[in-house]
Amino acid sequence: MDTTPWHSLSIDNTLKQLGTHLEGLTTAEAAERLERFGRNEIIRPKLTSPLRLFLKQFANFFVLTLLFAAMLAYTVSFLPGESGRRLTAFFILGIVGLSVALSFFEEYRAQKELNALDKLLKFKAVVMRNGMRHEIDAAEVVPGDILVLSHGQKVPADARVIKAYSLRTDESALTGESIGVDKSPEPVTPDAPLAERINMVFGSTYITHGTGLAVVVRTGTTTEVGQIAAMLEQMAEHPTPFQVEVQKMARQMTIIVGALATIIALILLFLLHEPLVDVALNTLSLAVATIPESLPIVLTFALALGAHQMAVRKAVVRRLSVVESLGSVDTICTDKTGTLTQNVMTVQRLFAGSQIVPVPQGHVDEKALHEVLRAGVLCNEATLEEGTTFKITGDPVDVALLRAGQMAGLDVEHERANYPKVNEIPFSSERKMMTTIHQHEGHFLAYTKGAAEEVLARCTSCWQGSQRVPLEDSRYQAISKVIEHLEGEGRYVLAMAQKEVPSADATDSTEQGMTFIGLQAMMDPPRPGVAEAIAQAKGAGIRVVMITGDNALTARAVSKQLGIGERSIEARELEGLSREALREWIKDVDIVARATPQTKQQVLQAFQDAGHFVAMTGDGVNDATALKQSDVGVAMGLRGTDIAKESAAMVLLDDNFATILAAVEEGRRIFDNIRKFTNYLLSTSLGEVFVVLTLSVAGYFPLSAKMLLWVNVVTDLIPASALAVDPAVPHVMKRRPRRHDEPILNKAIYATIVGSIFRTLIAYALIFWVGLKFGDVTYARTMLFTSIVLHAFTRVMVVRQLDNLSLWSNPALLWSYGAAVGLQILALYTPLRDLFGIVPLDWRAWAVMVPMVAGSSLAGVYMTRWILRLVPLWEE
């Protein structure tokens, strides 16, 4: 890798080392270098093929366990009299297929939506070849090429500036610096940070002003952008805590069910003396029925539903697991430019006479303010697009000055027509100012704008009311204090000056002995709604930290307005700190300024080492590595670069920081619902297996394989899916974030499951006993079979006590229960009953089942409330 400090070398030394000259390379030399260095392209990761994406969905313990169960059931179906087992196998395969298809479709859709249409460097560049200008594909630019730079161009590669004529670039996508960077061919120190290498232009940045020449020093993956892309390639994606938790839960369920099935097999074999084949088949049926086959598909359904809800709220997730992960975010590390702010320079304060005022809206009464605004409009290279007064193109600072004039009611076209420009002295980084000469009513007026202190030093008078007075030391000091005050607020301050000149000629004396008019102070303002979103984040227990490539003054000003905080530090102060020292340091900092991509990774790692679950927002190339390293990377969809979007787990379609909080709220809601339906599925499944275990000990095998299969369809999949659409509880954004390693099944959930098993075991045993009194074993089995279906809805209501949700807040749940009861009645009172080996129930059975199920559920409500008082649902 090339480590030459090109920014510290002289122009002659740079050209010599690259073996080139101002006339550019010859065609033969360029072809040889293209062969040697390769095309000027960033090798981007290929999209995962649909087949690989589909196969990826099978790398799931639950899915593999269910596939094994299906294979076992299908194999057994070939034994004499066991052909019905194929129905079991096909049912399981159907559940697996539906879950895999849904998960595959969601990930494939997200991948297609976020696929970049063009490569990052696919555009044209103008270079010198054979002593003449040629327009070539940017991918064919090679080291040693002489780039011809002009306003509006995208820079194709990293290059050393050799000539600059008012050359300025927008490097915000790379460095985070919102102000354009003036370029100069002069060397800088070898240790100058990226944002201060004023004699370099970088690939994927833009020329916003002036012209120049630059010699290409690095192309493709060796450029600053290319190195970031290479780092991304080396960063492996790690599974989310939720994915780990689901796999762990699947293994636990398999072990529990396996252990219980073994116990039941031993009872059937040695206590009830059942034939070995029957023992094996009944145990398999019980195991298959007890494993909550519906859990994978309901999980996928819940996450997909959450992803769709987030898309409606302008957030697109690239992986379904990210939906749940958002609920664990406790720290948001955010870029400033374009994320918290609008990435549009805006004049916010004017100084004229002796007062600092906001930009007037619609009309200017005071002559002094009018003159300041007029100077900004006239000494300006931005242009109004023909036919409109709103579309302005040009350097961001010039655009801001023109907009300020428009906002204050100035007719820009009239002012420029009334004061036609006849000459100018272009901006230079040495003078830090520019001057334009205008003709008006037979006189020539020079208007100057530039760095406040530089312009002020060339003034000998100023306006006091309508009088021009000498710029005495006291007035000079007073103006200097105003400049210091405005800059201290993080604003970019420009001074405006005027002078009547004898002719249109621009001479050395034009910018001497001028009259100070006033100041225009601008900054990149915060986005609307961001301050409220940050306040909401704090209320939800989420810390917001700004990590920006901009300077500390500007960062503090924006941070103060947004309510983030004012404790700041610059990236260079972090150099040499150990990981332990950095962990301590991050406890007391709100802003990291002048951050490089490496700084962002370093700070993120410190937060993660301290146990925080971190989301990183950003839109620039400089954010890409941090986006990928973070637990939840959030890229901006409108202003975001392709490389940032590809690195993120979620993309905001409206670039609104507030959308992140909407996504966090959705993530918390989804996790609450996942916890509820997991509780429901496991408690009902384990309740069934324990009642089978208990009644087996008593000498009965109460439920057939077909009954268990029916129960799984009717009481698991439909109500659990309805639970997935439960609304968010009102306090969801008032509680602290869930710890990222907090399990789905915590102590409170386990306690409610154990309580449910205990209650249902008593209720089911009593119902079965009463059924034996009313009739034979078949009648008792029918009553137990129907009671399990009835109990499903009441168990759902008990589970919803975790969130104190009303009965009517989820209509889908009511419809699902109506469907479940309707299907059970069909099974009881139509020929369908012959398939299950059951009999119709008379009024006596219903008179026992309904009060018993209702009483058990009412007891469950009070038991759940009692458990939650002893064991909090949310760990502190």
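These figures come from a predicted structure and were not determined experimentally.

So, on to the overall build of the protein. If you tally the helices and strands in the protein, you get 29 helices and 26 strands. Look at the contacts in the protein between residues 6 or more apart in sequence, and 73% of them connect residues 24 or more apart. Carbon and sulfur atoms make up 59% of the accessible area of the protein, which amounts to about 35900 Å² in all.

For the structure on display, the rule yields zero disulfides. Residue cysteine 462 stays outside any disulfide, its sulfur separated by 8.7 Å from that of cysteine 459, the closest cysteine.

With that settled, the discussion passes to the packing of helix H26 (residues 777–799) against helix H27 (residues 811–829). It is the contact of H26 with H27, at a shortest axis distance of 10 Å, that shows an interaxial angle of 175°. It follows that H26 is roughly antiparallel to H27 by the angle criterion. Of the residues in H27, those in contact with Thr782, Phe785, Thr786, Val789, Leu790, Phe793, Val796 and Met797 of H26 are Leu813, Leu814, Tyr817, Ala820, Val821, Gln824 and Leu828. The residue inventory of the contact of H26 with H27, partitioned by class, reads 12 nonpolar, three polar and no charged.

All right, on to the pattern of salt bridges then. For the structure shown, the criterion picks out 26 salt bridges. Residue glutamate 511 pairs with arginine 431 through a salt bridge whose shortest N-O separation is 2.7 Å. On the criterion of sequence distance, the pair formed by glutamate 511 in the loop between strand S19 (492–501) and strand S20 (514–523) and arginine 431 in the loop between strand S14 (421–428) and strand S15 (433–440) is long-range, its members being 80 residues apart. Owing to a relative accessible area of 5%, glutamate 511 belongs among the buried residues under this scheme. The shortest N-O distance in the salt bridge between aspartate 590 and arginine 567 comes to 2.9 Å. Here aspartate 590 is found in the loop between helix H19 (579–585) and strand S23 (591–593), whereas its partner arginine 567 is found in the loop between helix H18 (552–562) and strand S22 (568–570), with 23 residues between them in sequence. Judged by relative accessible area, aspartate 590 falls into the buried class, the value being 6%. With a relative accessible area of 41%, arginine 567 lands in the partly exposed category. Through salt bridges with shared partners, a single network forms among Arg313, Glu665, Glu666 and Arg669.

Judged from the 10 bridges that link them, strand S4 (residues 158–170) and strand S7 (residues 206–218) form a sheet pairing that is antiparallel. By the bridge assignment, aspartate 170 is partnered in S7 with tyrosine 206.

Let us look at the sheet that holds S22. Strand order in the open sheet formed by eight strands is S8-S26-S25-S24-S9-S21-S23-S22, and the pairing between neighbours is mixed. Sheet topology places strand S8 (315–317) and S22 at the edges, where each strand pairs with a single neighbour. Taken pair by pair, the neighbouring strands of this sheet meet at an average axis angle of 20°, ignoring direction. Across four bridges, the pairing between strand S9 (residues 331–334) and strand S21 (residues 543–547) is parallel. Looking across to S21, one finds that isoleucine 332 is bridged to valine 544. Set on the sheet, helix H20 (residues 597–609) makes contact with S9, S21, S23 and strand S24 (614–618); between it and S24 the angle comes to about 160°.

It is worth spelling out the packing of aromatic side chains at this point. Enumeration over the complete set of coordinates arrives at two aromatic pairs. On the numbers, 5.2 Å between centres and 90° between planes, the contact of tyrosine 74 with phenylalanine 78 is edge-to-face. Ring geometry for tyrosine 74 and phenylalanine 90: centres 6.1 Å apart, planes at 50°, overall tilted. Taken as a pair, tyrosine 74 in helix H4 (residues 61–76) and phenylalanine 90 in helix H5 (residues 85–113) lie far apart in primary sequence, 16 residues in all. Taking relative accessible area as the criterion, tyrosine 74 reaches 37% and is therefore assigned partly exposed.

What follows covers helix H23 (residues 657–697). Taking 1.5 Å per residue as the helical rise, H23 with its 41 residues ought to reach 60 Å, and the 60 Å between its terminal C-alpha atoms agrees with that figure. For H23, a buried count of 36 out of 41 residues is recorded, marking the element as mostly surrounded by other parts of the structure. The backbone nitrogen of alanine 658 lies 2.9 Å from a side-chain oxygen of the residue at the head of H23, namely asparagine 656. Once H23 ends, the next one or two residues include glycine 699, with phi positive near 105°.

The next subject is H26. Between the first and last C-alpha of H26 there are 32 Å, a value that for 23 residues agrees with the 33 Å anticipated at 1.5 Å per step. At alanine 792, H26 shows its largest kink, close to 30°. For H26, the buried fraction is high: 20 of the 23 residues fall into the buried class.

A cluster of nonpolar side chains, contributed by Tyr74, Phe78, Phe90 and Leu93, occupies part of the molecular surface with about 420 Å² of accessible area. Position of phenylalanine 78 among the secondary structure elements: in the loop between H4 and H5. Note on phenylalanine 78: relative accessible area 52%, which makes it exposed.

We now examine the pairing of S19. A large share of S19 lies buried, amounting to eight of its 10 residues. Across eight bridges, strand S16 (residues 443–451) lies against S19 in antiparallel orientation. Its bridge partner lying in S19, alanine 451 is registered against leucine 494.

In this model, the protein carries an average pLDDT of 83, and 89% of its residues clear a pLDDT of 70 or more. Low pLDDT, under 50, characterises residues 113–121; the predicted model gives this stretch 24 contacts beyond four residues in sequence or across chains.

The subject of this paragraph is a negative patch on the surface. On the surface, a cluster of negative charge is made up of Glu453, Glu454, Glu484 and Glu487. Mapped by element, the contributors of at least two residues to the negative patch are helix H15 (452–457) and helix H16 (473–488). If you trace the backbone, glutamate 454 turns up in helix H15. Given the relative accessible area of 34%, glutamate 454 is considered partly exposed.

Looking now at the environment of isoleucine 162. Relative to the elements of secondary structure, isoleucine 162 occurs in strand S4. Separated by 23 residues in the primary sequence, isoleucine 162 and proline 185 place their C-alpha atoms 5.0 Å from one another. Look past the residues within four positions of isoleucine 162 in its chain and what remains in contact with it is Ile11, Leu22, Ile146, Pro185, Leu213, Ala214 and Val215.

Here serine 204, not a glycine, exhibits a phi torsion of approximately 75°, which is positive. Note on placement: serine 204 falls in the loop between strand S6 (200–201) and S7. The residue asparagine 343 is not glycine, and still its phi comes out positive at about 60°. Here asparagine 343 falls in the partly exposed class, since its relative accessible area comes to 31%.

Here is what the cut-offs are and how they apply
Along each chain, the written sequence defines residue order, and numbers are assigned to residues from 1. Local features in a predicted model are, by the rule used here, given only for residues with pLDDT of at least 70; side-chain atom pairs are given and counted only at 80 or more, and totals for whole chains, interfaces and linings are based on all residues. Hydrogens and water molecules were not included; the side-chain quantities draw on all heavy atoms of the structure. Secondary structure elements follow DSSP: runs of H or I no shorter than four residues count as helices, runs of E no shorter than two count as strands, and numbering proceeds from the N terminus. Should any heavy atoms of two residues lie within 4.5 Å, those residues are counted as being in contact. Methods summary: accessible areas were calculated by the Shrake-Rupley approach with a probe of 1.4 Å, and residue burial reflects only the protein chains presented. Disulfide assignment relies on a single distance test, namely cysteine sulfur atoms paired within 2.5 Å. Axis lines are fitted through C-alpha atoms, for helices just across the contact stretch, and the angle between N-to-C directions can take any value from 0 to 180 degrees. Our angle categories are set so that under 35 degrees counts as roughly parallel, over 145 as roughly antiparallel, 65 to 115 as roughly perpendicular, and the remainder as oblique. Residue polarity follows a fixed list, in which Ala, Val, Leu, Ile, Met, Phe, Trp, Tyr, Cys and Pro are nonpolar, Asp, Glu, Lys and Arg are charged, and the others, Gly among them, are polar. What counts as a salt bridge is simple: a side-chain nitrogen of Lys or Arg found within 4 Å of a carboxyl oxygen of Asp or Glu. Think of it in three bands: with a 1.4 Å probe and only protein chains considered, a residue is buried below 20% of the maximum accessible area for its type, exposed above 50%, and partly exposed in between. Here the rule is simple: two strands pair whenever DSSP picks up at least two bridges between them. Two rings from Phe, Tyr or Trp (for Trp, the six-membered ring) form a pair when their centres sit within 6.5 Å of each other. Planes less than 30 degrees apart are called stacked, planes more than 60 degrees apart edge-to-face, and all others tilted. One less than the residue count of a helix, multiplied by 1.5 Å, gives the span that helix is expected to have. Throughout this description, a polar contact denotes any pair of N or O atoms lying within 3.5 Å of each other; where both atoms belong to protein, one of them has to be capable of donating a hydrogen while the other can accept it, and for residues adjacent in sequence the pair is counted only when both atoms sit in side chains. One fitted axis covers the seven residues ending at a residue, a second covers the seven starting there, and the bend at that residue is the angle between these axes. For patch detection, residues must exceed 30% relative accessible area and be free of salt bridges, and they are connected within 9 Å for like charges or within 5 Å for nonpolar side chains (Val, Leu, Ile, Met, Phe, Trp, Tyr). pLDDT is a residue-level measure of predictor confidence that goes from 0 to 100. We count Lys and Arg on the positive side and Asp and Glu on the negative side, and we leave His and both chain ends out. Charged groups are reduced to one reference atom each: NZ for lysine, CZ for arginine, CG for aspartic acid, CD for glutamic acid.

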